[in-house]
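The primary structure of each chain is shown beneath.
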Amino acid sequence: MTDTSGPAADREQRARRTAERFREVYGAAPAGVWAAPGRVNLIGEHTDYNDGFVMPLALPHTTLAAAAPRADGVLRVHSGDGGGNGRIAELRPAALRPASGGGWADYPAGIAWALREAGLPVGGADLHYDSTVPVGAGLSSSAALEVVTALALDELYGLGLTRQRLARLAQRAENAFVGVPCGIMDQTAAACCTDGHALFLDTRDLVQRQVPFDLAGAGLRLLVVDTRVRHELGDGAYAQRRAMCERGARALGVHALRDVPYAHLPAALDGLAAERGGPDADGPDVRAAVRHVVTENRRVEDVIAHLDAGEPRAIGPLLTAGHASLRDDFRVSCAELDLAVEAAGAAGALGARMTGGGFGGSAVVLVEEAAADTVAGRITEAFAAAGHAAPRIFPAVPSAGARRLL
Ligand code: GLA
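Residues numbered from 1 in each chain as written. Predicted model: local features only at pLDDT ≥ 70, side-chain atom pairs only at ≥ 80, totals over all residues. Heavy atoms only, no water.

A.B. asks: Mind showing me how you'd approach the nonpolar core here?
C.D. replies: It is characteristic of soluble globular proteins that their nonpolar side chains tend to be buried jointly. Of all hydrophobic cores here, the largest spans 97 residues; its most connected members are Leu115, Leu127, Val365 and Ile379. The element best represented in this core is helix H3 (residues 141–156), accounting for eight residues. Residues lining this core come from more than one domain, with at least three contributed by each of domain 1 (8–210 + 400–404) and domain 2 (212–395). Each residue touching valine 365, except ones within four places of it in the same chain, is listed here: Arg221, Leu222, Leu223, Val225, Ala344, Ala349, Gly351, Ala352, Val375 and Ile379. (Core = buried A, V, L, I, M, F, W, Y, C linked by side-chain atoms within 4.5 Å. Buried < 20%, exposed > 50% of the residue type's maximum accessible area, 1.4 Å probe, protein only. Helix = DSSP H or I, 4+ residues; strand = E, 2+ residues; numbered from the N terminus. Domains from an automatic or database assignment. Contact = heavy atoms within 4.5 Å.)

In structure tokens form, the structure reads like this:
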């Protein structure tokens with residue numbers, strides 16, 4: 001298993017290297033270096049655009065941005081990870097139009113656009129990025145890129161954004177500029193998570209609570225299994241799920257599916273009996289979508305109750321039940337994710353589920369620390385036996401959200 005978290009000294013060194021690289025690229029020192037993490041979601045999937053509950057935690061993997069202000073209003077961006085083929089992209093905020101580029105630079109451009117649109121006095125900047133968040137693995141590399149850019153600009157221009165507002169602006173950049181209809185979970189996780197905690201977030205009002213999640217202290221490990229199956233949220237399947245949920249809410253006469261109490265689910269499903277399935281044969285019908293969202297919100301509440309009661313092992317079956325709901329009702333899983341979950345269970349894991357948007361990406365697996373290597377080995381063997389590419393497996397250590405490093 002690879003663990004890229006490294007000790008604090010390594011992180012400091014990486015920040016200094018990023019500052020040094022900035023100097024090589026732009027010919028002057030940066031004003032600072034900022035970081036924002038990737039995330040996994042413990043429970044609460046496809047609930048955030050239904051005003052529901054989510055519970056992500058930040059990974060030790062981060063996107064760093066070294067930045068300096070520019071007086072001419074221009075935004076120049078450069079990536080150390082191959083994005084843009086090592087070239088500096090020059091963006092003139094006044095000329096930025098939504099969905100104009102199509103490359104990685106759309107994310108920082110979208111942030112500059114969203115800040116200006118909100119009437120905030122943001123000027124230009126030179127930015128150099130360095131990231132250890134795997135791209136396309138369902139671990140929110142794009143939210144990390146958005147949030148680190150927003151935080152750097154916030155501090156360079158003294159905008160005084162709260163973390164919640166910053167997350168909302170980053171979501172707006174992704175929705176309205178990049179054109180991906182995501183919810184608020186990933187940006188809030190990157191902006192607000194703290195070391196050693198999972199973040200309980202009510203996505204209706206962004207009220208949040210840091211829930212202690214001391215895996216090591218409990219003798220547990222949360223493994224991330226990156227299936228290496230890539231899927232973009234931008235294509236229609238994610239939007240189809242959203243549309244189906246909105247249709248369910250309309251048919252039930254509620255503002256959002258969050259407003260359907262768990263105890264009312266049987267009556268709600270009866271009431272939807274006449275609703276026909278969706279336009280996409282592979283997607284869920286309205287009833288299945290409603291059942292997933294309402295039961296998933298309930299699972300988040302149950303997970304929190306167990307964590308508050310000091311029973312972290314008891315969350316295992318809830319994770320696995322969440323996976324079954326995403327696979328069978330909401331239909332956002334895939335063969336590789338199902339296999340990871342199944343092989344984990346067969347090898348004695350406490351629970352497992354896909355995490356993030358689905359259709360590929362990653363699963364999370366809760367295991368006894370002593371069994372972690374065995375379970376990881378069994379998952380890898382199962383992938384080989386099924387003819388899938390080897391998954392990438394590493395521990396999710398609950399880590400800090402966005403912050404200034406230098
Ligand atoms: C993606 C989106 C989030 C959320 C999850 C599913 O990660 O960006 O807003 O909807 O899918 O829970």
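Let us keep going from here.
A.B. asks: Explanation requested: helix H2 (residues 106–117) in the structure shown.
C.D. replies: An α-helix turns once per 3.6 residues; consequently, residues spaced three or four apart project the same way. Taking 1.5 Å per residue, 12 residues should reach 16 Å; H2 reaches 16 Å between its end C-alpha atoms and fits that length. Within H2, 10 of the 12 residues are buried, which leaves it mostly tucked inside the rest of the structure. Residues of H2 that are buried: Asp106, Tyr107, Pro108, Ala109, Gly110, Ile111, Ala112, Trp113, Ala114 and Leu115. Buried residues along H2 sit in contact with strand E4 (75–79), strand E5 (89–91), strand E6 (124–131), H3 and helix H4 (163–178). The positive-phi residue at the C-terminal boundary of H2 is glycine 119, with phi of around 80°. (Expected span 1.5 Å × (residues − 1).)

A.B. asks: Whenever I open this one, the packing of helix H8 (residues 286–308) against helix H9 (residues 316–329) confuses me. Can you help?
C.D. replies: Helix-helix packing: each pair is described by the crossing angle between the helix axes and the interaxial distance. Contact geometry of H8 with H9 gives a least axis separation of 10 Å together with a crossing angle of 170°. In terms of their interaxial angle, H8 and H9 are classed as roughly antiparallel. Contacts between H8 and H9 pair Ala288, Arg291, His292, Thr295, Glu296, Arg299, Asp302, Val303 and His306 from the former with Leu318, Ala321, Gly322, Ser325, Leu326 and Asp329 from the latter. Of the residues that constitute the contact of H8 with H9, the class distribution is five nonpolar, five polar and five charged. (Axes fitted to C-alpha atoms, helices over the stretch in contact; angles between N-to-C directions. Parallel < 35°, antiparallel > 145°, perpendicular 65-115°, else oblique. Nonpolar A, V, L, I, M, F, W, Y, C, P; charged D, E, K, R; others polar.)

A.B. asks: Quick question: what am I supposed to make of the state of the cysteines here?
C.D. replies: Disulfides are covalent bonds that link the sulfur atoms of two cysteine residues. Overall, the coordinates contain zero disulfides when judged by the stated rule. Cysteine 245 takes part in no disulfide bond, and the closest cysteine sulfur to it belongs to cysteine 182, at a distance of 15 Å. Judged by its relative accessible area of 1%, cysteine 245 falls in the buried class. (Disulfide = S-S within 2.5 Å.)

A.B. asks: What exactly am I supposed to notice about the domain arrangement of the protein chain here?
C.D. replies: Interfaces are frequently sized by the accessible area removed from exposure as the parts join. What the domain assignment reports for the protein chain is domain 1 (8–210 + 400–404) and domain 2 (212–395). Using only C-alpha atoms to locate each centre, domain 1 and domain 2 end up separated by 26 Å. Tallying the contact residues gives 38 residues for domain 1 and 48 residues for domain 2. Here domain 1 meets domain 2 over a buried area of about 3,400 Å², counting both sides, of which 62% is carbon and sulfur. Contact with domain 2 buries surface across domain 1, with Leu42, Ile43 and His46 losing the most and accounting together for 19% of the total. Counting every contact that joins domain 1 to domain 2 gives four salt bridges. For glutamate 45, the salt bridge is made with arginine 353, and the minimal N-O distance between the two is 2.6 Å. Elements represented by at least two residues in the side of domain 1 that touches domain 2 include exactly strand E1 (32–41), strand E2 (53–54), strand E3 (56–70), strand E7 (197–202) and strand E8 (207–212). The element best represented in the side of domain 1 that touches domain 2 is E7, accounting for four residues. (Buried area = accessible area lost by both parts, 1.4 Å probe. Salt bridge = Lys/Arg side-chain N within 4 Å of Asp/Glu carboxyl O.)

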